[in-house]
Amino acid sequence: MARRGGARNVPLWTAIAATLVAGVLAVVHVRRGGLPGLAALEGLSIDMRFRLRGPRDPATDRIVIVGIDDATRAKAPEIVQTRRGYARLLDAISACKPKLVAIDFFFSAPEELLPEELVARVRTTTTGMDTMMKSMPADMTSSDPQAADTMSKVMPMMHEMHDVLAAVADELRGDEVLAQAIARSHAIVLGAYVRDGPPVRGVTEPEGLKLARLGQAADTGGGDPLLRPITGSDVVFSLPMFARGAVGAGTVNDLRDEDGVRRRMPLVVEYGGRHYMTLGLAVALAELGRPRDTRYVAGAPTVTVAGTELGLTRAASLPLDMLGRGRIPRVSAADLLDGKSCERVAGKLAFVGFTYAAFDKIATPFDQRADGVELHATVAENVLGGRILRNTGWLATVGSTLVLCLIVCVAQLRRVRRRAWMPPLIALGAIVGYVVIGVLVFARGTVIELAAPATLAGLTLIAATIGGLATEGREKAHLRMVFSQYVSRPVVDRILADPGQARLGGERKELTVLFSDIRGFSQVAEGMAPEALAAFLGEYLTPMTDLVLASGGTLDKYIGDAVMAIWGAPVDMPDHAARACEVALKMQEALAEMNRAWQRAGKPPIAIGIGLNTGAMAVGNMGSAARFEYTVLGDQVNLGARLEALTKELGVGILVGEATARAAGDGFVFREIDVVRVKGRAMAAPVFELCGRAGHRVEPAFGEALALYRRREFAAARAAFARIEHDPAAQVMAERCEVLAASPPPPDWDGVYEQRSK
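Enquirer: Any chance you could explain the overall build of the protein here in plain terms?
Expert: When helices and strands are tallied, the protein shows 25 helices and 28 strands. Across the 758 residues in the protein, those meeting the buried criterion constitute 49%. Look at the contacts in the protein between residues 6 or more apart in sequence, and 75% of them connect residues 24 or more apart. Of the roughly 35,900 Å² that the protein leaves accessible, carbon and sulfur atoms contribute 57%.

Put into structure tokens, the structure is as follows:
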């Protein structure tokens, strides 16, 4: 009887089996680099914990960020263009008497204002003229009045030529001037970047990089492989002439999580068998007066820094206790150049980095467009302030998973299951309670993994709930019904082969969305009877839809004559941006063929605009209980739609967002068109034209004209754009420049174009 009764409790046995699987998956997750999606979900949970905790002020007032911001570029563009400019900046900072100046960039190559051969000729000619003029006798023309008259005219010209060449030669000494500024400061800490790659031995250590070495480091070849530092096959560091004057050095490598967010920094990086510390740690140790006081064994779970043990996570990294946007004090480099705000830098640890718009931007838990230099300043703040996040380790993650899954199993006992709502309530209560505990302990500096235990326990609950009730055939029939109208038959077959890929209900994923629309469709429709219009649309939409489905994309919907499609869902595809770009090009090519056929048939040709955007979106079955559709929602989707509308305003056929251009890879050619603030969005974004596939030639004239436009040289920009023939985008920009030249924008104009229509 017990045997028969036990056999009936399918949910319990399903939960037990799911618990065993969950335990194995938890081990695989924590020891094999993470299960798909769980790492990103854990990152989101950490972001959520940061936001619930809220921003907070630094624990020390010794750190300041000196930003090379938009104001600096506007007032002194030479600062980021020449080595003399950098020298001027370092002199201005050093004049304020900071304790240390950490530079989040490097000078890895000589300055080349002129070709090397021309530089040599200038210097040789200057020296020769100087020698010749010094050796000329003072009375060489005294006996010949005519010669004296000639020399009186020639000599001033020779002196002028000599002075000009001497000035040019002096201007070419930018590297020497910068090296002198670094040495003169006695406070510069240089950054180094170790390029990822297999470990190498016996390489020559760049001069000055020794300053970044850990004090005591050993590699026994053991330890936890997941905790071993990242290795590099090459290093980017400032030239020896600069390194000789520095007082310290540190690496500027960072770690980007699966979702692109920076939440950790590698404290240790290995190169050539040596171990180097990160820039923020180097500055913190120098401030503590113990610049080389570290003890580290590769693969160990901790590194001892100035007598304090810091817990390490994957790749010998330190979890960052982020403070929040703008919490670390900042000073504009422009103010220091003007002799202002010196008191805010005096005696401080100054981190110098680029903070102007659209450069060196990173995503952090608090800010999607934070400045990269913040990471190094945060490391120093965490170490000096003693606020270090502590991870509980992989054993705690596996243990938490098993405990939660066992609670789910207990909830399946018959005594509990007498009320159908009790098992899910108990299980969900345990999961929610675990998440609450994770949030509470995070506020005290302890990080416990939430995603894997909560997700695996939730999956165990789902398995127990549906155990024995849902058949494989019913599930496949349902999936075929849901997805057959959105995706191609091969994609449906893939979903049916692995139903786990069809995660119904809204979820956050990085996808690429495409919007296409017929330009001037209202005028086209006015001249057609309803039947002819329907046939025309069918003739147009059929090949466009076939292109989407053949690429593995998902047809989201038709909106009149518009097509909306997505790539990357419901089936994951890492190259979703590249597939979408290829389809966009093929759509334009297919339209060209159709236009030729329509013209032969006496029908008017049409043009379409296509907008592409890549980013995090909510994807799944959206709607009500009575009616829903599989679609995507989110700000990045809206941006894709706005980009399609912008194609007409900017005179291009295909417009993509920055993330799409970056993710599409080397198989396509893009050119930046503008920086636009689209309707409904406060933040401006750069937009790019998809010009063609790899090998397509793009004339540089457009980029040169765009640079003039952004420098407010509107008359010159208009002329440069106007010279570009057969380029509608250039003509649009020329017209805009003509308007701006006639009516210049205010001084705070940021070069952003405001979209006029949706």
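So, next bit.
Enquirer: Hey, could you run me through the state of the cysteines in this one?
Expert: Formally, a disulfide is one covalent bond, and it connects the sulfur atom of one cysteine to the sulfur atom of another. Following the criterion strictly, the structure yields one disulfide and no others. Disulfide pairing places Cys 96 opposite Cys 342 at an S-S distance of 1.8 Å. Residues Cys 96 and Cys 342 share a disulfide whose torsion about the S-S bond is about -100°; that sign makes it left-handed. A residue pair is termed long-range when its members are at least 10 positions apart, and Cys 96 in the loop between α5 (83–94) and β2 (100–103) and Cys 342 in the loop between α11 (333–337) and β15 (349–354) qualify at 246 residues. Judged by relative accessible area, Cys 96 falls into the buried class, the value being 5%.

Enquirer: I keep staring at the pattern of salt bridges and nothing clicks. Help me out?
Expert: Once their charged atoms are close, side chains differing in charge can pair, the charge on each being opposite to the other. Under the defined criterion, the tally for this structure stands at 41 salt bridges. One salt bridge in this structure joins Asp 234 and Arg 195, with 2.5 Å as the shortest N-O distance. With Asp 234 in strand β5 (residues 230–236) and Arg 195 in strand β3 (residues 188–196), this residue pair connects regions lying 39 residues apart in the sequence. Take Asp 234: its relative accessible area is 31%, and that puts it in the partly exposed class.

Enquirer: Explain unusual backbone geometry to me, please; I cannot follow it from the model alone.
Expert: Leave glycine aside and you will find that most residues have negative phi; peptide bonds, for their part, are mostly trans. Omega for the bond connecting Ala 569 with Pro 570 falls within 30 degrees of zero, at 5°, which places this linkage in the cis form. Looking at the secondary structure, you find Pro 570 in the loop between β22 (562–567) and α20 (576–600). The backbone of Ala 306 shows a phi angle near 50°, a positive value even though the residue is not glycine. Assignment of secondary structure puts Ala 306 in the loop between β11 (302–305) and β12 (308–311). Of note in the backbone geometry, Asp 360 takes a positive phi value of approximately 50° without being a glycine.

Enquirer: Is there a simple way to think about the side chain of His 275 in this case?
Expert: Here His 275 is to be found in strand β9 (residues 274–277). When neighbours within four sequence positions are excluded, His 275 is seen to be in contact with Ala 212, Arg 213, Leu 214, Ala 217, Ala 218, Asp 219, Pro 229, Val 268, Val 269, Glu 270, Tyr 296 and Ala 298.

Enquirer: Mind showing me how you'd approach the packing of helix α13 (residues 394–410) against helix α14 (residues 422–442) here?
Expert: Axis angle and axis distance: for two packed helices, these are the angle between their axes and the distance between the axes, and together they describe the pair. Relative orientation of the contacting elements α13 and α14 amounts to 155°, with a least axis distance of 8 Å. One element, α13, and the other, α14, form an angle in the roughly antiparallel class. Seen from above, α13 lies across α14 with right-handed handedness. Each of Ser 400, Leu 404, Ile 407 and Val 408 in α13 lies in contact with α14, whose residues at this interface are Ile 426, Ala 427, Ala 430, Ile 431 and Tyr 434. In the contact of α13 with α14, the residues fall into eight nonpolar, one polar and no charged.

Cut-offs used in this document
What you see as residue numbers is a count from 1 along each chain, following the sequence as written. At least 70 in pLDDT is required for a residue's local features to be given in this predicted model, at least 80 for side-chain atom pairs to be given and counted, and no such filter applies to totals for whole chains, interfaces and linings, which use all residues. The basis for the side-chain values is all heavy atoms of the structure; hydrogens and waters are excluded. Numbering of helices and strands runs from the N terminus; a helix is a DSSP stretch of H or I covering at least four residues, while a strand is a stretch of E covering at least two. Think of it in three bands: residues with accessible area under 20% of the maximum for their type are buried, residues over 50% are exposed, and the middle band is partly exposed, with areas taken using a 1.4 Å probe on protein chains only. Whether two residues touch is decided by their heavy atoms; if any such pair falls within 4.5 Å, the residues are in contact. A 1.4 Å probe and the Shrake-Rupley method give the accessible areas. Residues count as covered only by the protein chains that appear here. Cysteine sulfur atoms that come within 2.5 Å of each other are treated as a disulfide pair. Salt bridges are defined as contacts in which a side-chain nitrogen from Lys or Arg sits within 4 Å of a carboxyl oxygen from Asp or Glu. For helices, the fitted line uses only the C-alpha atoms of the stretch in contact; every axis is such a line through C-alpha atoms, and the angle between N-to-C directions lies from 0 to 180 degrees. For classification purposes, angles smaller than 35 degrees are called roughly parallel, those larger than 145 roughly antiparallel, those between 65 and 115 roughly perpendicular, and all remaining angles oblique. Take the far helix as the reference: if the near one is turned anticlockwise from it by less than a right angle, the crossing is left-handed, and if turned clockwise, right-handed. All residues other than Ala, Val, Leu, Ile, Met, Phe, Trp, Tyr, Cys, Pro, Asp, Glu, Lys and Arg, Gly among them, are scored as polar; the first ten of these are nonpolar and the last four charged.

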